Amino acid sequence: MDNFGTMGMVVAPVVRDALSHGVAVVALESTIISHGMPYPQNLETAKQVEQIVKENGAIPATIAILDGVPHIGLNHEELKLLASLGKKAQKTARRDIPYVVATRGNGATTVSATMFFASKVGIPVFVTGGIGGVHRHGEKTMDISSDLTELGRTPVAVISAGVKSILDISRTLEYLETQGVTVAAYRTKEFPAFFTRSSGCKAPCQVDTPEECARLIDSSEKLGMGCGILFGVPIPEEHAASGSLIESAIQRALQEARDNGITGSAETPFLLARVSELTGGASLAANIALVKNNARIGARIAVALSNMRKPSKLFSDLIFYFANADSFTHVAVRLADFSKVLCC
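If you're wondering where the values come from, they're calculated on a predicted model, not measured in any experiment.

Caption draft 1: Layout of the overall build of the protein. Along its length, the protein carries 14 helices and eleven strands. Considering the protein as a whole, with its 344 residues, one finds that 51% of them fall into the buried category. For the protein, restricting intrachain contacts to residue pairs at least 6 apart in sequence, the fraction spanning at least 24 positions comes to 72%. For the protein, the accessible area works out to roughly 15,500 Å², and carbon and sulfur atoms hold 54% of it.

Structure, rendered in structure tokens:
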């Protein structure tokens, strides 16, 4: 991997080493930290999510733009800075990246921006809460999240709890089909609806284990599909909020957004915050639970994918070591060095 310096990005040493040695890495977005919940709850949640990724065998790489520099993997101080900035950090989708970098700003990456940066450094698996989609009445407003077009052109697997239930789920799935994106539900035939396990929309396909997910990612890459994969993981049953309670709150929040002229990128944060208020915090608790569950499953998928690819990675490393040995003595030295790689 020789593209770590692309666009002046800073890759955390632990992430760099993991990618160099074929160790599983999971990308994490930063908008959920800065815009998803208040400080210090956002910091604690971010640390817990990273810890879950580690406990399940992978290296977490939270992505953000700090002082105009894209960071792939944040240390504790950087994570704390981002959390304390809160909404002062710009919510950064793909379209916003050049501006935030050019103005040396601080940007919290959304799904589309996180996918973009993950792809640049070769991270194949990305965990988030839920993706954006086609907004309700999107056929009139054309309000469609850039997450969907990013999935159509960036080869990164996204593990989420489906599409946020404040959106039009059926039209979102139709749009993903148009983009050629493979959509799979995890251990269910029905595509999940973020806060609730059921959406009423059948998933195009079903996968039941991390290994099946890894094989799907690997086959997509080998076929050169050139697009992402969306895995819908239902929120754990014990944390699923009442569907009717959430839906009632969503309808009220949508009306309030229309009455106040809240649209575009400002709409989703408003709706999520208002739904949390209307449900007495039940939706926020559900949000945190599903992100943690996604991190657990996403890390296991990343590990399964890494294990699947290790034989070819080790073989290519072996060829490299031998190709750079100019004598039999050096071959012995190279073998000794290579054994250290194996021990990693």
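Following the structure, the description resumes.
Caption draft 2: Representation of the packing of aromatic side chains. Counted according to the given criterion, the structure contains two aromatic pairs. Taking 5.4 Å as the distance between ring centres and 70° as the angle between the ring planes, the aromatic pair formed by Phe-116 and Phe-117 counts as edge-to-face. Accessibility assignment for this pair places Phe-116 and Phe-117 in one class, buried. Between Phe-194 and Phe-195, the aromatic rings sit 4.7 Å apart at their centres with planes inclined by 70°, giving edge-to-face as the arrangement. There is no split in this pair, since Phe-194 and Phe-195 are both buried.

Caption draft 3: Region of the structure containing empty space enclosed by the protein. Going through the model one piece at a time under the given rule, you end up with one cavity of 30 Å³ or more. The volume enclosed by the largest cavity comes to roughly 150 Å³. Lining the largest cavity are 15 residues, and of these Glu-29, Ile-32, Ile-33, Val-49 and Val-291 lie nearest its centre. A per-element tally of the lining of the largest cavity places helix 3 (residues 41-55) first, with five residues.

Caption draft 4: Broad picture of the nonpolar core. Grouped together as the largest cluster of nonpolar side chains are 87 residues, with contacts concentrated most on Val-15, Ile-72, Ile-123 and Phe-231. At ten residues, helix 13 (residues 282-323) tops the list of elements feeding residues into this core. Here this core spans two domains, and each of domain 1 (1-123) and domain 2 (129-309) adds at least three residues to it. Ignoring anything within four residues of it in the chain, the contact list for Ile-123 reads Leu-19, Val-25, Val-26, Ala-27, Ala-61, Ile-72, Ala-118 and Val-156. Core analysis: the next-biggest nonpolar cluster, separate from the first, contains twelve residues, Ala-64, Leu-66, Ala-83 and Ala-89 among them.

Caption draft 5: Local environment of the environment of Val-10. If you trace the backbone, Val-10 turns up in strand 1 (residues 10-11). Each C-alpha atom, one on Val-10 and one on Val-69, is 7.1 Å from the other, the two residues being 59 residues apart in sequence. Contacts of Val-10, omitting those with residues within four sequence positions, involve Val-69, Pro-70, His-71 and Ile-72.

Caption draft 6: Looking closely at the layout of surface pockets. Counted as a void, the second largest pocket has a volume near 670 Å³. Around the second largest pocket, the lining is made up of 32 residues, and of these Gly-122, Pro-124, Glu-221, Leu-305 and Arg-309 lie nearest the centre. For the lining of the second largest pocket, the elements supplying multiple residues, two or more each, are helix 1 (13-20), helix 6 (111-121), helix 10 (210-222) and helix 13. Counting residues per element, the lining of the second largest pocket draws most heavily on helix 13, at seven residues. Grouping the constituent residues of the lining of the second largest pocket by class yields 17 nonpolar, ten polar and five charged.

Caption draft 7: Broad picture of helix 9 (residues 169-178). Three or more residues of helix 9 are buried, namely Ile-169, Thr-172, Leu-173 and Leu-176. The arc that holds the buried residues of helix 9, viewed along the axis, is 100°, so those residues lie on one side. Among the exposed residues of helix 9, those oriented more than 90 degrees off its buried face are Glu-177 and Thr-178. Trailing helix 9 by a residue or two, Gly-180 shows a phi angle of about 75°, which is positive.

Caption draft 8: Representation of the confidence of the model for the protein. In this model, the protein carries a mean pLDDT of 88, and residues with pLDDT of at least 70 account for 87%. Predicted confidence for residues 1-5 stays below pLDDT 50, and this span has ten contacts to residues more than four positions away or in other chains.

Reading the values: rules and limits
- Residues numbered from 1 in each chain as written.
- Predicted model: local features only at pLDDT ≥ 70, side-chain atom pairs only at ≥ 80, totals over all residues.
- Heavy atoms only, no water.
- Helix = DSSP H or I, 4+ residues; strand = E, 2+ residues; numbered from the N terminus.
- Buried < 20%, exposed > 50% of the residue type's maximum accessible area, 1.4 Å probe, protein only.
- Contact = heavy atoms within 4.5 Å.
- Areas by Shrake-Rupley, 256 points an atom, 1.4 Å probe, with all protein chains shown as cover.
- Phe/Tyr/Trp six-rings, centres within 6.5 Å; stacked < 30°, edge-to-face > 60°.
- 1 Å grid on protein atoms, 1.4 Å probe; cavity = no way out; pocket = protein on both sides within 12 Å on 5 of 7 lines; lining within 4 Å.
- Points joined across faces, edges and corners; volume = space filled by probe spheres on them.
- Core = buried A, V, L, I, M, F, W, Y, C linked by side-chain atoms within 4.5 Å.
- Domains from an automatic or database assignment.
- Nonpolar A, V, L, I, M, F, W, Y, C, P; charged D, E, K, R; others polar.
- Arc of directions from axis to C-beta.
- pLDDT = per-residue confidence, 0-100.

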